[in-house]
Amino acid sequence: MAPRKTERQLNLVICLLAARRYLTREKIRDSVEGYQGLSDVAFQRMFERDKDDLRDLGIPIETGSNDSYFDDEQGYRILPGDFELPPVEFTQGEQVALGIAAHVFDGAALAPQATSALGKLQAAGVELSTTGFVQPRLGGDDEAVGVVWEAISGRRRIRFDYRERGLTRVVEAWGVLVRRGVWYVYGRDRDREAPRMFRLSRVVGVVEALEPAQAYDLPDRSVVEAAAASLEPTAVTDTAVVAIRGTAAPALRRRGSVLSAAAPEGYTAYAVPYGSVQEIADQAAAAAPDALVLAPDEVRDATLGRLRAVAGRLLSTERP
Amino acid sequence: MSTSADQVARLLALIPYLRARPGITIAEAAAAFSLTQKQLMSDLWVAFMCGLPGGMPGDLIEVDMDAVEGEGVIRLSNADILSKPLRLAPHEVGTLRLALQAVREIAGPESYAAIDSASAKLATMSGHDGPVAVVSMVTGDETVRQALVDALEARQRVRLTYEGGARGDTTEPVVDPAAIMMRDGYAYLEAWSLDRSGWRSYRLDRIVAVDPTGAGREDHGTPPERTEWLSDAAAEVTLRVEDPAWWITESYPTSSISGSLVTLRVVDPRWLRQLVLRLGADAEVVDPPAAQDEAVLAAREALKRYEAWSGSGGVVADERSV
């Protein structure tokens with residue numbers, strides 16, 4: 001039955017687009033293929049549903065009457081100026097950028113939206129071209145990504161179960177952050193009455209978009225950007241002294257500079273700037289024993305903590 | 001959204017698209033809308049049945065189905081009412097602008113202006129702002145990216161200065177670049193290594209320099225999908241993971257997760273050693289037990305060296321850079 005419904009809805013769009021005046025339900029019922037031969041109740045129900053479906057697609061169906069002096073029956077029409085994509089023109093360079101962008105969501109949750117948007121642009125005469133040399137991807141194959149995205153657009157609250165302590169959260173989502181392939185949603189947690197960030201991959205089960213639409217206001221873009229900045233490594237504030245053996249730990253060596261300071265035999269001392277103790281301790285521990293933190297105590301202790309936890313485990317040969 | 005609504009939305013773009021391109025091939029049109037040819041055919045049959053009220057032959061959209069089935073080309077006419085597509089929805093604009101942000105992260109600086117102006121034009125196309133999205137990826141130095149894009153476009157062979165992965169030494173491989181790809185938020189150069197006579201992936205943030213060799217690249221076919229390499233070479237290692245280390249499930253390929261037990265696919269044992277060392281008490285290998293041995297030995301040796309150093313009274317006396 002799907003093709004029939006598609007035909008009927010498409011015919012309804014064409015009928016309302018072609019209308020010079022508001023069309024009454026009766027007129028629509030007579031004109032549009034697919035509404036004939038139905039009972040009054042069945043027609044009303046079907047027409048309501050079609051109207052809702054089309055409005056969900058963003059089709060601006062207007063309601064009004066042709067004569068405001070008389071209490072005319074309400075009618076419907078679509079104003080071409082509201083419906084049609086205004087003329088667009090993209091330069092060659094912009095079309096290349098769009099051509100590469102076209103594949104960013106291949107196989108991901110936002111693929112249908114990208115395809116639909118690009119279909120419209122191509123219908124308006126845009127030609128997408130791509131060399132295939134550069135293939136950016138953002139990940140996000142979770143269905144939750146698509147739900148959250150549309151919920152923010154319609155400003156519908158979202159509800160989901162979160163892995164942390166297994167709580168159900170209701171959130172007014174403000175924006176999405178994609179950092180190194182990890183998707184976050186940022187917004188106001190209704191229960192805590194405070195902004196919170198959630199990793200979409202820690203959502204258990206589905207994300208539900210709640211009615212009504214337009215339930216809250218979006219803050220300025222800068223609020224989301226500030227939250228994104230908080231995920232980035234903190235600015236450099238201190239310098240650690242790390243002894244590095246040979247060509248190990250290139251990330252630390254590159255950031256640092258060689259010191260003339262004393263170091264264990266076979267090692268060279270480097271001054272390495274850092275912003276976060278945890279981050280530099282992660283790197284120093286990962287490169288052990290080719291990297292040893294000599295100072296400050298805070299970084300050395302954080303590194304030693306990681307090493308002691310691992311050193312205390314039994315080797316496979318030591319197990320009973 | 002129901003399939004039917006999807007199809008209506010698609011037809012509202014497909015009809016003006018085809019109307020403006022008489023004689024386009026089925027293959028080309030299907031590719032433009034990411035459809036199979038069968039799906040496109042079903043769309044065409046719907047268009048064929050639609051048109052202005054009245055239902056008389058002159059009212060209906062005309063599709064030359066003989067040409068479609070015979071020559072594989074589409075001629076659609078009598079659809080003046082649908083000469084323009086439906087406006088973009090705010091979330092569609094938001095989706096494309098997000099995709100452009102991803103393009104910008106991986107592009108060379110010479111492309112920034114075009115990417116930014118495309119995004120600005122899109123922003124004017126929907127009534128209100130789409131969702132806000134902020135993207136952050138690890139794509140290395142922009143001059144390195146530009147040099148690689150230039151080499152790709154000119155089909156040139158280059159010498160990389162590469163501060164390699166797990167081993168941590170600096171190498172200077174001569175490569176024929178094939179593409180720049182993203183995996184899990186990191187950009188990689190896929191290239192044919194002349195030294196190794198094989199395909200290699202180089203993380204862009206570890207490429208320090210790109211130098212032309214003056215030679216053109218040879219054709220080595222297409223690089224293999226990275227996921228295939230993983231499944232071929234990877235060993236499965238299961239860790240017990242505490243909450244602070246849970247991020248690894250999002251950053252690395254996992255083959256299963258059950259409660260706090262996470263099974264990772266590990267290609268390089270040195271990578272696993274580094275991971276275990278950095279996670280400390282927050283994660284422990286449970287299976288196979290021997291997979292953790294290297295990390296345990298490394299941690300024990302490091303602790304000995306730390307003790308020897310403090311035993312020798314080693315202090316940092318002088319922080320002058322040389």
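Residues numbered from 1 in each chain as written. Chains lettered and ligands numbered in written order. Predicted model: local features only at pLDDT ≥ 70, side-chain atom pairs only at ≥ 80, totals over all residues. Heavy atoms only, no water.

Asks: What exactly am I supposed to notice about the overall build of chain B here?
Replies: Of regular secondary structure, chain B possesses eleven helices and 15 strands. The C-alpha radius of gyration of chain B comes to 28 Å, more than 25% above the 20 Å expected for a compact globule of 322 residues. By its C-alpha atoms, chain B is 100 × 55 × 40 Å across when sized along the principal axes. Look at the contacts in chain B between residues 6 or more apart in sequence, and 56% of them connect residues 24 or more apart. (Helix = DSSP H or I, 4+ residues; strand = E, 2+ residues; numbered from the N terminus. Rg over C-alpha atoms; globule rule 2.2 N^0.38 Å. Contact = heavy atoms within 4.5 Å.)

Asks: Mind showing me how you'd approach the pairing of strand E10 (residues 198–203) of chain B here?
Replies: Within a regular strand, side chains alternate between the sheet's two faces. Residues and elements named next belong to chain B. Across the six residues of E10, five count as buried, placing the element largely inside the fold. When strand E9 (residues 186–193) meets E10, the two strands line up antiparallel, connected through six bridges. Bridging across to E10, Trp192 finds its partner in Trp199. Between E9 and E10, which pair antiparallel in sequence order, lie four residues; one of them, Ser197, sits at a positive phi of approximately 50 degrees. (Buried < 20%, exposed > 50% of the residue type's maximum accessible area, 1.4 Å probe, protein only. Pairing = 2+ DSSP bridges.)

Asks: I would appreciate a short explanation of the domain arrangement of chain A in the present structure.
Replies: Many authors give the size of an interface as the accessible area that is lost as the parts come together. For chain A, the assigned domains read domain 1 (2–83), domain 2 (143–231) and domain 3 (238–311). Inter-centroid distance (C-alpha atoms) of domain 1 of chain A to domain 2 of chain A is 36 Å. (Domains from an automatic or database assignment.)

Asks: Explanation requested: the environment of B:Gly221 in the structure shown.
Replies: Mapped onto the secondary structure, B:Gly221 falls in the loop between strand E11 (207–216) and helix H8 (226–233). Residues B:Gly221 and B:Pro177, 44 residues apart in the sequence, show an inter-C-alpha distance of 11 Å.

Asks: Any chance you could explain the confidence of the model for chain A here in plain terms?
Replies: Note: predicted coordinates in regions of low pLDDT should not be interpreted at a detailed level. Per-residue confidence for chain A gives a mean pLDDT of 89, with 97% of residues at or over 70. Within chain A, helix H11 (residues 297–311) of chain A carries the highest mean pLDDT (96), whereas helix H9 (residues 250–255) of chain A carries the lowest (83). (pLDDT = per-residue confidence, 0-100.)

Asks: Just checking my understanding: could you explain helix H8 (residues 221–231) of chain A for this structure?
Replies: Looking at H8(A), one finds that the buried residues are A:Val224, A:Ala227 and A:Ala228. Angular distribution of buried residues about the axis of H8(A) spans 100 degrees; they occupy a single face of the element. Where H8(A) is buried, its residues touch strand E5 (168–179), strand E6 (182–189) and strand E7 (194–199) of chain A together with strand E5 (132–136) of chain B. (Arc of directions from axis to C-beta.)

Asks: Help me understand the sheet that holds strand E10 (residues 257–258) of chain A in this model?
Replies: By way of backbone hydrogen bonds, the strands of a sheet pair with one another, either parallel or antiparallel. The strand order across the open sheet built from four strands is E10-E11-E9-E12 (chain A), with neighbouring strands paired in antiparallel fashion. Looking at the sheet topology across the chains shown, the edges are occupied by E10 and strand E12 (291–295) of chain A. Here four bridges tie strand E9 (residues 238–245) of chain A to E12(A), and the two strands are oriented antiparallel to one another. If you follow A:Val241 over to E12(A), its bridge partner there is A:Ala295. Its contacts with the sheet place helix H10 (residues 277–286) of chain A against E9, strand E11 (267–274) and E12 of chain A, and it is angled at close to 155 degrees to E11(A). Contacts between helix H11 (residues 293–311) of chain B and the sheet are confined to E9, E11 and E12 of chain A, with E12(A) contributing the most and set at about 35 degrees to the helix. (Axes fitted to C-alpha atoms, helices over the stretch in contact; angles between N-to-C directions.)

Asks: Please clarify how the sheet that holds strand E14 (residues 261–266) of chain B should be interpreted in this entry.
Replies: All names here are of chain B. Taken in spatial order, the four strands make up an open sheet running E13-E14-E12-E15, and their pairing is antiparallel. Because the sheet does not close on itself, it has two edges, and the strands there are strand E13 (254–258) and strand E15 (283–287). Direction aside, neighbouring strands of the sheet carry axes that sit 30 degrees apart on average. By the bridge criterion, four bridges tie strand E12 (residues 235–241) to E15 in an arrangement that is antiparallel.

Asks: Looking at this structure, I do not really get the interface of chain B and chain A. What am I missing?
Replies: Counting residues at the interface gives 117 residues for chain B, matched by 124 residues for chain A. The junction of chain B with chain A conceals about 10,600 Å² of combined surface from both sides, 64% of it contributed by carbon and sulfur atoms. Area buried by chain B at its contact with chain A is led by B:Leu86, B:Val132 and B:Tyr306, which between them contribute 7% of it. At the boundary of chain B with chain A, the tally comes to nine salt bridges. The partner of A:Glu94 in a salt bridge is B:Lys121, with the nearest N and O atoms 2.7 Å apart. Run the count over chain B and chain A and you get 41 residue pairs in polar contact (both at pLDDT 80 or more). Residue composition of the side of chain B that touches chain A, grouped by class: 72 nonpolar, 22 polar and 23 charged. Here two bridges tie strand E3 (residues 134–135) of chain A to strand E8 (residues 174–183) of chain B, and the two strands are oriented parallel to one another. The partner of A:Gln135 across the bridge, within E8(B), is B:Met181. (Buried area = accessible area lost by both parts, 1.4 Å probe. Salt bridge = Lys/Arg side-chain N within 4 Å of Asp/Glu carboxyl O. Polar contact = N/O pair within 3.5 Å; in protein donor to acceptor, adjacent residues only side chain to side chain. Nonpolar A, V, L, I, M, F, W, Y, C, P; charged D, E, K, R; others polar.)

Asks: Would you mind showing me how to read the confidence of the model for chain B here?
Replies: Residues and elements named next belong to chain B. Within chain B, residue pLDDT values average 87, and 91% of them lie at 70 or more. No element of chain B has a lower mean pLDDT than H8, at 54, and none a higher one than strand E1 (residues 24–25), at 95. Contacts from residues 316–322, a stretch scored under 50 in pLDDT, to residues over four places away or in other chains number 17 contacts. For this predicted complex, the interface confidence comes out at an ipTM of 0.80, alongside a pTM of 0.79.

Asks: Explain the state of the cysteines to me, please; I cannot follow it from the model alone.
Replies: Among covalent bonds in proteins, the disulfide is the one between the sulfur atoms of two cysteines. The tally for this structure, following the rule as stated, stands at zero disulfides over all chains. Here A:Cys15 is not disulfide-linked; the sulfur of B:Cys50 is the nearest cysteine sulfur, at 12 Å. According to the relative accessible area criterion, B:Cys50 is buried, its value standing at 0%. (Disulfide = S-S within 2.5 Å.)

Asks: Just to check I follow, could you spell out the pattern of salt bridges for this structure?
Replies: Residue and element names in this part refer to chain A. As enumerated under the stated definition, the model contains 40 salt bridges over all chains in all. Residue Glu48 pairs with Lys51 through a salt bridge whose shortest N-O separation is 3.3 Å. In this pair, Glu48 and Lys51 both sit in helix H3 (residues 40–56), three residues apart, roughly one turn of the helix. Residue classification places Glu48 among the partly exposed positions, given a relative accessible area of 29%. With its nearest N and O atoms 3.0 Å apart, the salt bridge here joins Arg169 to Asp189. In this pair, Arg169 sits in strand E5 while Asp189 sits in strand E6, placing the two residues 20 residues apart along the sequence. Comparing Arg169 with Asp189, the two get one shared label, buried.

Asks: It is not clear to me how helix H6 (residues 112–123) of chain B should be interpreted in this structure. Could you clarify?
Replies: Helical geometry note: an α-helix holds 3.6 residues per turn, so side chains three or four residues apart project in the same direction. Spanning twelve residues, H6(B) covers 16 Å between terminal C-alpha atoms, matching the ideal 16 Å at 1.5 Å per step. Packing partners of the buried residues in H6(B) comprise helix H5 (92–101) and helix H6 (111–123) of chain A together with helix H5 (90–106) and helix H7 (142–154) of chain B. (Expected span 1.5 Å × (residues − 1).)

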